[in-house]
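Listed below, chain by chain, are the residues.
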Amino acid sequence: MPFQSQAKAIQPDTTFENVLVKRIFGDDKASGFVIWIKQRVPAHYHAAHSETVMILEGKAEMTLGDQRLSIKKGDIFFIPKGTGAFGNGQKGHPQGAFNPSTRV
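Report on the accompanying structure. For clarity, every value in this text was computed on a predicted model and none was experimentally measured.

1. Looking at the pairing of strand S5 (residues 59-64)
One ladder, built from 6 bridges, connects S5 with strand S6 (residues 67-72); its direction is antiparallel. When the bridges of S6 are listed, Lys59 appears paired with Lys72. In this structure, the hairpin formed by S5 and S6 is closed by a connection of 2 residues, where Gly65 is found at a positive phi of approximately 65°.

So this is what it looks like as structure tokens:
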């Protein structure tokens, strides 16, 4: 089974208002999360690590540094260390994302 199908099979185990993060693996060098977003991701800064994100479902508008992106199911993008990011989900299209991160 492709990884995207396996990650999509992971479901929230609690109710949540906006964002839920579920750690699915990790050690001191790398970690992986499935993240569900109903409305928006608050502005934040990736000071200590880079992230690769795969959108499992939904669509959104995202700002990554000074770039504005339209993201949707199947998209994969990279957030470099030292970059600011935030996003707004599109009404009726909640997002699910797989997020593996590596610490150096």
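2. Structural notes on the sheet that holds strand S8 (residues 83-89)
Taking strand neighbours across the sheet as the criterion, the 4 strands line up as S3-S8-S5-S6 in an open arrangement whose pairing is antiparallel. The sheet is open, and its two edges are formed by strand S3 (40-46) and S6, each paired on a single side. Mean inter-strand twist for the sheet, computed between neighbouring axes without regard to direction, equals 20°.

3. Side note on the pairing of strand S2 (residues 30-37)
Counting buried positions along S2 yields 6 of 8 residues, so the element is predominantly enclosed. Pairing geometry for strand S1 (residues 19-26) and S2, over 7 bridges, is antiparallel. Within the sheet, the bridge partner assigned to Leu20 lies in S2 and is Trp36. Here S1 folds back onto S2, and the loop between the two strands holds 3 residues.

4. Here's the deal with the side chain of Thr63
Topologically, Thr63 is positioned in strand S5. What makes Thr63 buried here is its relative accessible area of 13%. A polar side-chain atom of Thr63 sits 3.2 Å from a polar atom in the side chain of Arg68. When neighbours within four sequence positions are excluded, Thr63 is seen to be in contact with Arg68, Gly84, Ala85 and Phe86.

5. Here we look at the pattern of salt bridges
Should the charged atoms of two oppositely charged side chains come close, the side chains can pair. Counting across every chain of the model gives 2 salt bridges. Among the ionic pairs, Lys22 bridges to Asp13, the shortest N-O distance being 3.7 Å. Look at Asp13 and you get exposed, because its relative accessible area is 60%. Among the salt bridges present, the one from Asp75 reaches Lys72, with a minimum N-O distance of 3.3 Å.

Parameters at a glance
Residues numbered from 1 in each chain as written. Predicted model: local features only at pLDDT ≥ 70, side-chain atom pairs only at ≥ 80, totals over all residues. Heavy atoms only, no water. Pairing = 2+ DSSP bridges. Helix = DSSP H or I, 4+ residues; strand = E, 2+ residues; numbered from the N terminus. Axes fitted to C-alpha atoms, helices over the stretch in contact; angles between N-to-C directions. Buried < 20%, exposed > 50% of the residue type's maximum accessible area, 1.4 Å probe, protein only. Polar contact = N/O pair within 3.5 Å; in protein donor to acceptor, adjacent residues only side chain to side chain. Contact = heavy atoms within 4.5 Å. Salt bridge = Lys/Arg side-chain N within 4 Å of Asp/Glu carboxyl O.

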